[in-house]
Amino acid sequence: MQISSRFTLAIHIFACIDTFGNSYKITSDFLAGSTNVNPVVIRKILSQLKNAGLVDVARGTGGTTVTKPLNEITFLDIYRAVDCIENGDLFHFHENPSPNCPVGRNIHSILDDKLLRVQNAMEQELASITLADLKRDTDKYLHRENE
């Protein structure tokens, strides 16, 4: 199982806004060129980020801007904004385990607390990483390329 690519696309979008925002209008077409993803997909992600209050998107060709300081936006904020998981649960159980099987009828009791601990640990780690961390790393790698 993988987390939706919307999460990494959203982070890519933030890196582009920060890197190119002072020189270019950051539009869905511009972002599609960097991500190599259809502009329609980019617009959907931008809409989700806007609904979460993380970006402003000017209509037409106005461009996209970040609404908060980078150190105030965590990877968890982005993860939640782009609906990477269903109903707030990272792990999805297979439908209808057999009630006639001792494992099947008890699988939720066996796994639920463990999977919740895993999800909580992942979300705690996501909450510890900010877009300021992303900016620092982006600047470092772009500086290396320009040497």
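Cut-offs applied
Residues numbered from 1 in each chain as written. Predicted model: local features only at pLDDT ≥ 70, side-chain atom pairs only at ≥ 80, totals over all residues. Heavy atoms only, no water. Helix = DSSP H or I, 4+ residues; strand = E, 2+ residues; numbered from the N terminus. Buried < 20%, exposed > 50% of the residue type's maximum accessible area, 1.4 Å probe, protein only. Salt bridge = Lys/Arg side-chain N within 4 Å of Asp/Glu carboxyl O. Core = buried A, V, L, I, M, F, W, Y, C linked by side-chain atoms within 4.5 Å. Contact = heavy atoms within 4.5 Å.

Colleague: How do you make sense of unusual backbone geometry when you look at a structure like this?
Modeller: Glycine aside, the phi torsion of most residues is negative, and most peptide linkages are trans. With phi around 60 degrees, Asn 36 is a residue other than glycine that occupies positive phi space. Within the secondary structure layout, Asn 36 lies in the loop between helix H2 (28–35) and helix H3 (39–51). In this structure Asn 36 comes out as exposed when scored by relative accessible area, which is 73%.

Colleague: Explain the pattern of salt bridges to me, please; I cannot follow it from the model alone.
Modeller: Side chains that differ in charge, positive against negative, can pair when their charged atoms come close. Scanning all chains against the criterion turns up five salt bridges. Measuring nitrogen to oxygen at the nearest pair gives 3.6 Å for the salt bridge that ties Lys 114 to Asp 113. Residue class for Asp 113 comes out partly exposed when judged on its relative accessible area of 41%. Here Arg 136 ties to Asp 133 by a salt bridge, and the two come within 2.5 Å at their closest N and O atoms. Here Arg 136 pairs with Asp 133, and both are found in helix H6 (residues 131–145), just three residues apart, close to one helical turn. Among the ionic contacts, a cluster of salt bridges with common partners joins Asp 18, Lys 135 and Asp 139.

Colleague: Got a minute to help me understand the nonpolar core in this structure?
Modeller: Within soluble globular proteins, side chains that are nonpolar generally end up buried alongside one another. If you look at the biggest cluster of nonpolar residues, it comprises 32 residues, and the most contacted ones within it are Phe 7, Phe 14, Leu 49, Ile 78, Tyr 79 and Leu 131. Elements that contribute at least two residues to this core include exactly helix H1 (6–20), H2, H3, helix H4 (75–81) and H6. In terms of residues, this core owes the most to one element, H1, which gives nine residues. Not counting residues within four places of it along the chain, the set of residues in contact with Leu 131 comprises Phe 14, Leu 70, Ile 73, Phe 75 and Ile 78.

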